[in-house]
Amino acid sequence: MSAGTAAAIAGAVRAGERRAVDVLEEHLARIEAREPEIHAFNLVTTDAARAAAAAVDEQVARGEDPGPLAGVPVALKDNLCTRGIPTTCSSRMLEGWAPPYDATVVERLAAAGAVVVGKTNLDEFAMGSSTEHSAFGPTRNPHDTSRVPGGSSGGSAAAVAAGFSPIALGSDTGGSIRQPAALCGVVGVKPTYGRVSRLGLIAFGSSLDQVGPLAADVADAALACEVIGGHDPGDSTSLPEPFPDLRAHLDDGVEGMRVGIVAELTGDGISPDVAAQVRAAAEALAAAGASVEEISVPAVTYGLSAYYLVAPAEASSNLARYDGVRYGLRVEAPNSVEMMEATRTEGFGDEVKRRIMLGTYALSAGYYDAFYGKALKVRTLIRRDFEAAYSKVDVLISPTSPTTAFRFGERSADPMAMYLSDVCTIVANLAGHPAMSVPYGTDAEGLPVGVQVMAPALGEVPMFRVAAALERSLA
Amino acid sequence: MSAATGFDPAEWEVVIGLEVHAELATRTKLFSAAPNRFGEEPNTHIDALTLGLPGSLPVLNRHAVELAIRVGLALNCTVQRSVFARKNYFYPDQSKNYQISQYELPINRDGWLELPSGKVVGIERAHLEEDTGKTTHVGGGGRIHEAEYSLVDYNRAGVPLLEIVGRPDLRSAEEARAYVSELRAILVAVGASDGKMEEGSLRVDCNVSVRRRGEDALGTRCEIKNINSLRSLGRAIEYEAARQVDLITSGERVEQQTRHWNEEDGRTHTLRSKEESDDYRYFPDPDLVVLDPSEEWIEQVRADLPMLPAARRHRLAERSGVELERTALIVERGLDELCLAAIDAGADPARTLTHAEHNLADERATGLDPAAFAELVTMEVDGKLTATQAKTVLAEMVEKGGAPAEIAAAHGFEAMDTSQLEAMVDELIAAHPDEWQRFCDGDAKITGFFVGQVMKATKGKADGKVVTGLLHQRKG
Amino acid sequence: MTERLTTAEVAKVAELARLRLTPEELERFTDQLAAVLDHAVDIEALDLDGVEPLAHPVQLTNVMRDDEPGEVLDREEVLAQAPATEEGQFRVPPVLGEGA
């Protein structure tokens, strides 16, 4: 492992070879140098980070073990609640609002000795695929600042890609960790639904949302998953199964594993350079001893429609609480109804409003059966399609994103064009299965390409085995 | 609108269905561990979920489910697999702007309860849902329409409620009141709620419609809210039924609407602005999983249920030989077991129940020793005590305890010999011929004069009924 | 499926969602949302008869907690971030009508 990975840092800090405060200063220097150009963060928490790093060093000096992420700088997507620190979801609605509690994943990072360096930018309320819908300005792709980093966890992906922190946490509802990871050339993981607690994650689509890590390499992503994952009694949808030991299996290789390439994501709609990289990845796996075949997963073709009914429907309800009564923005008016209207109209950006209205419509009387109700049935079909696929293969691979990073403004005017960015990633959310993106080469212009690895529910081990093998094949 | 003038029950039938919300007696709220307590400083029983803070998540309270199952079984419902659904609407006291409730699949369905009269009323469903916070309106005399601003307290937000929906089987204000009383008695008996309407732990909304007698189809119904007591319930139903009949007979239609009962002016009114078209956009709450109580759990709850009021009434009626209607008050007061024990100890059943109905209103009566009670009743039936004396002795037994024979002796009670009384009556008749003449002519009131004289002479030991009987005998 | 989404429907939905749209926004959003719904036509082609809806990927049941009090929030900390308060309560402009 290179000196800059989370695993290396934690090892060195725990052994007393490096001080957490020095590690931090290195990263803060990088942030200072490039952040004005990248804008990965809504807030850099310099003072709190320094205090946390000093505390880690004191623990080591006392002979205590701070934990497996000792001294590792971590960036948190700004929809994860951090006690006393503004958590804005990149929205005017929550500008300046500080939660009175930490999200469970934040608590677990702290207990593992991690040092939070800041809150990263996102598409407002996690709704978007480019981070252009942030109320506080976009984030730029560190590989090419005229291009988007992807979204909605664009800030987290850019932070890792720019070396601001070895690990960042994001959230993934329809691809929001994996797609920006692919566009920024880093690893991004969406665990099995229920593996990581959602308590303290500001909700967008509750039956789809999962928190997951972005990291520069597969081993760091595995480490982060192990720290944040596992049962939480405070989240009713949290799985009781303990999180598996991923790192123990990273070097298992893929000999004898069966890999399927998703047929529906090889042709039209996928850019040729991206498709080429997926084929190269398939060949690399075959060379490493896996059997590889193309396999049809019809669910992929109708998943997008189902997603753009289910996610907005849940969002329309989850975002109803933002009304100016108890916290956040309030725009005064002569009565409460008008006050709520004025507050929500001013507080939410266009994309959020669109999705709220789409969701409200899909749930409303007379339309429930035609839209939301149908989408839930489609979800069952998606699950069945995957079950059929996984009866023949152990994992599936595909592009993570149909294209590499696009330019600012290229898709923001046409919502449908933007939604099509999600076509490769959303099925995993609808099915609740784990999926991750691994950087795999570049396109002709040198922009990163990501290959997606998908596995059945609870299949993080085979998924990481394949991801690690892909990473090794590039070395 | 003209004042309601009442209507002819021979021509019109009123149909009533009640929705009752009962606050469940849990320590914490339905979906969060904030305390379920009252009457304290505003916004002191709040946590992240109560306030609907971003990132908060619900976790179901097991005890609330247990209580819901208890009530469901007590109401003869089917307890089934159920789903929590979001009911979406905007209102300041609804901190998430949706309420977590149950919609298509409630935990309890298709039950019934039996009124003291023996009538059976259907229960459509009884489901779990969250309570809202409380809004108070400031300025403009506290009335909604003229308020300057409003204040919200979320202490009550999230408290567990059981919504019990009765079928429209009730046909009068009296039946409606009996239904609520019975439901409350059941809720209290199983420990699910303290059921106090005036304190808000039992809330009643009433659906009222009318139809001509003989018609099958139901009329258009109106929902009446803001009913805070049994008395209001009766008054509101009577007013509303008359209002609807008036409308129909004057050629107008009854519009389906929600109306507000006003206790001061004794009328129902429409609310000035109806906030929402009723599109609540229900969908299963994705933050919660399916609730499917096991057979074992349900049977355990069933086995632990206490004997319910209806069963107790039936038991008392059967074992005492007395009509069902007479048992209601006694069971309500919790005196049925006492009566049964006394009857088992040999007391005359009818006389025992009469005492329980008329002379044992005091709360402490439940502490009476059944054997002593039985002895007292037997003394009276054997003629050793008059009815009045028995009542006095009983009252003292309730207050201080003790054995009836001793108390009677201490008071100097002993029933008088009938032959002694006969002699006294004959003396009085001879001494008061004018009054005797009036008695013989049929003046019933003059009886009191003779009885009074006998009482005076015997210092109250005579049994008034016996004296009256003797007078009539003498009259011939 | 239903006919193309109309501005009247979008206006009604905006009201239900407590959002106020300018006339320009109403037109623009109607077009954009209609495009998304049009895309949903591929679901129409599927045979969904007898298919159970999947509201949730997780098949857990009966997740519950004991009836034990937990920590409450500090009222002052919470009220400090509220837009308007009075005597320990949240203050709002007059609320007309009643909740559901």
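Chemist: Whenever I open this one, the overall build of chain C confuses me. Can you help?
Modeler: Looking only at helices and strands, chain C has four helices and three strands in total. Moving toward the C terminus, one meets the helices and strands of chain C in the order α-α-α-β-α-β-β. The C-alpha radius of gyration of chain C comes to 22 Å, more than 25% above the 13 Å expected for a compact globule of 100 residues. The C-alpha extent of chain C, read off along each of the three principal axes, is 55 × 45 × 25 Å. Approximately 5,200 Å² of chain C is accessible, and the part contributed by carbon and sulfur atoms is 48%. Here chain C contributes 8 positive and 23 negative side-chain charges, whose respective centroids are spaced 9 Å apart.

Chemist: I'm lost on the overall build of chain B in this one. Help?
Modeler: Across its full length, chain B carries 15 helices and 15 strands. Once the C-alpha set of chain B is aligned to its principal axes, its extents read approximately 95 × 55 × 45 Å. Looking at chain B as a whole, 54% of its 476 residues qualify as buried. By sequence separation, contacts in chain B at least 24 residues apart represent 69% of the contacts at least 6 residues apart. Accessible surface, chain B as shown: approximately 20,500 Å² in total, 48% of it carbon and sulfur. In chain B, 55 positive and 79 negative side-chain charges are present, and the distance between their average locations comes to 2 Å.

Chemist: For this particular structure, what's the right way to read the environment of Ala320 of chain A?
Modeler: Tracing the sequence through the fold places Ala320 of chain A in the loop between helix 9 (299–318) and helix 10 (336–347). Along the sequence, Ala320 of chain A and Met340 of chain A sit 20 residues apart, while their C-alpha atoms lie 9.8 Å from each other. Contact partners of Ala320 of chain A, with chain neighbours within four places excluded, come to Arg344 of chain A together with Phe90, Lys96 and Asn97 of chain B.

Chemist: Before we go on, may I ask you to explain the pairing of strand 8 (residues 291–295) of chain A in this structure?
Modeler: All names here are of chain A. Here strand 7 (residues 258–262) runs beside strand 8; their pairing, made up of five bridges, is parallel. Across the sheet, the residue bridging to Gly260 is Glu293, located in strand 8. For the crossover that starts at strand 7, traverses helix 8 (residues 272–287) and ends in the parallel strand 8, the hand is right-handed.

Chemist: How should I be thinking about the interface of chain C and chain B in this particular structure?
Modeler: A common way to express how large an interface is: the accessible area buried when the components associate. Residue-level contacts link 37 residues of chain C with 62 residues of chain B. When chain C packs against chain B, close to 4,300 Å² is buried across both sides, 56% of that on carbon and sulfur atoms. In this assembly, chain C and chain B are joined by three salt bridges. Notably, a salt bridge pairs Arg75 of chain C with Glu41 of chain B, separated by 3.8 Å at the nearest N-O pair. Where chain C packs against chain B, one counts 23 residue pairs in polar contact (both at pLDDT 80 or more). Only strand 1 (64–65), helix 4 (75–80) and strand 3 (89–92) of chain C provide two or more residues apiece to the side of chain C that touches chain B. Tallied by class, residues from the side of chain C that touches chain B come to 18 nonpolar, eight polar and 11 charged. Pairing between strand 9 (residues 149–153) of chain B and strand 3 of chain C: three bridges, direction antiparallel. What sits directly across from Val152 of chain B, in strand 3 of chain C, is Phe90 of chain C.

Chemist: Help me understand the environment of Ala350 of chain B, please; the structure alone is not making it clear to me.
Modeler: Residues and elements named next belong to chain B. On the secondary structure map, Ala350 appears in helix 8 (residues 349–359). You can call Ala350 partly exposed: its relative accessible area is 36%. For the pair Ala350 and His63, spaced 287 residues apart in sequence, the C-alpha separation works out to 42 Å. In contact with Ala350, other than residues within four places in its own chain, are Val322 and Arg326.

Chemist: Mind showing me how you'd approach the packing of aromatic side chains here?
Modeler: In this description, a pair of aromatic rings is defined by centroid distance and the angle of the planes. Counted by the stated rule, this structure contains 24 aromatic pairs over all chains. Here Phe31 of chain B and Phe84 of chain B contribute two aromatic rings whose centre-to-centre distance is 5.2 Å and whose plane-to-plane angle is 85°, an arrangement assigned as edge-to-face. Note that Phe31 of chain B is positioned in the loop between strand 1 (12–23) and strand 2 (60–61) and Phe84 of chain B in strand 4 (residues 84–88), a separation of 53 residues in sequence. Each member of the pair, Phe31 of chain B as well as Phe84 of chain B, is classed as buried. Among the aromatic residues, those joined into a ring-pair cluster are Trp97, Phe125, Tyr322, Tyr327 and Phe348 of chain A. Here the basic side chain of Arg195 of chain A rests over the ring of Phe243 of chain A, its NZ or CZ set 5.2 Å away from the ring centre. In this structure, Lys87 of chain B packs its charged tip against the face of Tyr280 of chain B, placed 4.5 Å from the ring centre.

Chemist: I keep staring at the packing of helix 9 (residues 370–381) of chain B against helix 11 (residues 404–411) of chain B and nothing clicks. Help me out?
Modeler: Describing two packed helices takes the angle between their axes plus the distance from one axis to the other. All names here are of chain B. One can describe the packing of helix 9 onto helix 11 by two numbers: an axis separation of 9 Å at closest approach and a directional angle of 55°. Taken together, the axes of helix 9 and helix 11 are oblique relative to one another. Where helix 9 abuts helix 11, its residues Ala372, Glu375, Leu376 and Met379 lie against Pro404, Ala405 and Ala408.

Chemist: Can you help me understand the side chain of Glu223 of chain B in this one?
Modeler: Residues and elements named next belong to chain B. Positionally, Glu223 belongs in strand 12 (residues 222–227). Look at Glu223 and you get buried, because its relative accessible area is 17%. If sequence neighbours within four positions are ignored, Glu223 has contacts with Glu19, Asp205, Cys206, Asn207, Gln257, Thr258 and Arg259.

Chemist: Looking at this structure, I do not really get the domain arrangement of chain B. What am I missing?
Modeler: Partitioning chain B into domains gives domain 1 (12–302), domain 2 (309–410) and domain 3 (418–475). Using only C-alpha atoms to locate each centre, domain 2 of chain B and domain 3 of chain B end up separated by 31 Å.

Chemist: Please clarify how the sheet that holds strand 15 (residues 283–284) of chain B should be interpreted in this entry.
Modeler: The strands making up a sheet associate through hydrogen bonds between their backbones, and the pairing can be parallel or antiparallel. All names here are of chain B. A sheet is described by the order of its strands in space; here three strands give the open sequence 5-4-15, paired in antiparallel fashion. The open sheet has two edge strands, strand 5 (98–102) and strand 15, and neither has a second partner. Pairing of strand 4 with strand 15 involves two bridges; the strand directions are antiparallel. Paired with Ala85 across the two strands is Pro284, which belongs to strand 15.

Chemist: I'm lost on the environment of Gly234 of chain B in this one. Help?
Modeler: Residue and element names in this part refer to chain B. By secondary structure assignment, the location of Gly234 is in helix 3 (residues 230–249). The exposure class assigned to Gly234 is buried, which follows from its relative accessible area of 2%. Distance from Gly234 to Ala173, taken between C-alpha atoms, is 4.7 Å for residues 61 residues apart in sequence. With near-sequence residues (within four places) excluded, Gly234 lies in contact with Ala173 and Arg177.

Chemist: What's the story with unusual backbone geometry in this structure? I'm lost.
Modeler: Excluding glycine, residues mostly carry a negative phi; peptide bonds, for their part, are mostly trans. Cis geometry is adopted by the peptide bond preceding Ser152 of chain A, which originates at Gly151 of chain A and carries an omega value of 10°. For Ser152 of chain A, the location among the structural elements is in the loop between strand 3 (115–120) and helix 5 (154–161). The backbone phi angle of Cys89 of chain A is positive, close to 55°, even though this residue is not glycine. In this fold, Cys89 of chain A is placed in the loop between strand 2 (73–77) and helix 4 (104–111). The phi angle at Asn76 of chain B is positive, at roughly 60°, despite the residue not being glycine. Structurally, Asn76 of chain B is set in the loop between helix 1 (62–74) and strand 3 (78–79).

Chemist: Got a minute to help me understand the packing of helix 9 of chain A against helix 11 (residues 350–363) of chain A in this structure?
Modeler: Residue and element names in this part refer to chain A. The geometry of helix 9 relative to helix 11 is characterised by a closest axis approach of 7 Å and an angle of 100° between their N-to-C directions. The orientation of helix 9 relative to helix 11 falls into the category roughly perpendicular. Contacts from Tyr308, Leu309, Pro312, Ala313 and Ser316 of helix 9 reach helix 11 at Arg355, Ile356, Leu358, Gly359, Thr360, Ala362 and Leu363. In the contact of helix 9 with helix 11, the residues fall into eight nonpolar, three polar and one charged.

Chemist: Help me understand the sheet that holds strand 1 of chain B, please; the structure alone is not making it clear to me.
Modeler: Residues and elements named next belong to chain B. Overall, mixed pairing links the nine strands, which are arranged 3-6-7-10-1-11-12-13-14 in an open sheet. For this open sheet the edge positions go to strand 3 and strand 14 (267–270), each flanked by a neighbour on one side alone. The pairing of strand 1 with strand 11 (residues 202–212) spans 11 bridges and is antiparallel. When the bridges of strand 11 are listed, Val14 appears paired with Val210. Of the strands in this sheet, strand 3, strand 6 (108–114), strand 7 (120–130) and strand 10 (160–166) touch helix 1, which is tilted by about 20° from strand 10. Where helix 3 meets the sheet, its contacts fall on strand 1, strand 11, strand 12, strand 13 (258–262) and strand 14, and the angle it forms with strand 11 comes to roughly 30°.

Chemist: How should I be thinking about the nonpolar core in this particular structure?
Modeler: The nonpolar side chains of a soluble globular protein tend to be buried, and buried together. All names here are of chain A. Within the largest apolar cluster, 108 residues are counted, with the highest numbers of intra-cluster contacts made by Phe125 and Leu396. If you tally residues by element for this core, the top one is helix 9, at 12 residues. Membership of the second largest hydrophobic core comes to 89 residues, among which are Ile177, Val189, Ile397 and Val453.

Chemist: Just checking my understanding: could you explain the interface of chain C and chain A for this structure?
Modeler: Between chain C and chain A, the contact holds 52 residues from the first and 66 residues from the second. Of the roughly 5,200 Å² buried at the junction of chain C and chain A (both faces included), carbon and sulfur atoms supply 68%. Looking at the side of chain C facing chain A, the largest losses of area belong to Arg18, Arg20 and Leu54 of chain C, adding up to 13% of the total buried there. There are three salt bridges connecting chain C and chain A.

Cut-offs used in this document
- Every chain is numbered independently, its residues counted from 1 as its sequence is written.
- Labels are handed out in written order, letters beginning with A for the chains and numbers beginning with 1 for the ligands.
- This being a predicted model, a pLDDT of at least 70 is required before a residue's local features are given, and a value of 80 or more before pairs of side-chain atoms are given or counted; all residues contribute to the totals for chains, interfaces and linings.
- Note that the side-chain values use all heavy atoms of the structure and ignore hydrogens as well as water.
- Segments assigned H or I by DSSP are reported as helices when at least four residues long, segments assigned E as strands when at least two residues long, and all are numbered from the N terminus.
- Throughout, the radius of gyration refers to the C-alpha atoms, and the reference size of a globule is 2.2 Å times the residue count to the power 0.38.
- Note that accessible areas follow from Shrake-Rupley with a 1.4 Å probe, and for residues the cover is restricted to the protein chains shown.
- Note that His is not counted, nor are the chain ends; the positive residues are Lys and Arg, and the negative ones are Asp and Glu.
- All charge positions are set by atom: Lys at NZ, Arg at CZ, Asp at CG, Glu at CD.
- Burial status follows relative accessibility: with a 1.4 Å probe on protein chains alone, a residue under 20% of its type maximum counts as buried, one over 50% as exposed, and anything between as partly exposed.
- Between two residues, a contact is recorded if the distance between any of their heavy atoms is within 4.5 Å.
- Here, strands pair whenever DSSP counts at least two bridges between them.
- With strands facing away from the observer, any crossover in which the path from the first strand over the helix to the second runs clockwise is taken as right-handed.
- The buried area of a pairing is the accessible area, by a 1.4 Å probe, that goes missing from both parts when the two are put together, added over both.
- In the sections that follow, a salt bridge refers to a side-chain nitrogen of Lys or Arg positioned within 4 Å of a carboxyl oxygen of Asp or Glu.
- Identification of polar contacts relies on pairs of N or O atoms within 3.5 Å, with a donor-acceptor requirement for protein atoms, meaning one able to donate a hydrogen and the other able to accept it, and with residues adjacent in sequence counted only if both atoms are side-chain atoms.
- Each residue gets one label: Ala, Val, Leu, Ile, Met, Phe, Trp, Tyr, Cys and Pro are nonpolar, Asp, Glu, Lys and Arg are charged, and the others, such as Gly, are polar.
- Two aromatic rings, drawn from Phe, Tyr or Trp (for Trp, its six-membered ring), form a pair once their centres lie within 6.5 Å of each other, and the interplanar angle then sorts them: stacked below 30 degrees, edge-to-face above 60, tilted otherwise.
- Two thresholds decide whether a charge sits over a ring: the Lys NZ or Arg CZ must be within 6 Å of the ring centre and within 35 degrees of the ring normal.
- Orientation is described by axes fitted as lines to C-alpha atoms, over the contacting stretch for helices, and by angles from 0 to 180 degrees between their N-to-C directions.
- Angle categories: roughly parallel below 35 degrees, roughly antiparallel above 145, roughly perpendicular from 65 to 115, and oblique for all the rest.
- Domain start and stop positions are those given by an automatic or database domain assignment.
- Side-chain atoms within 4.5 Å are what join buried Ala, Val, Leu, Ile, Met, Phe, Trp, Tyr and Cys residues into a set we call a nonpolar core.

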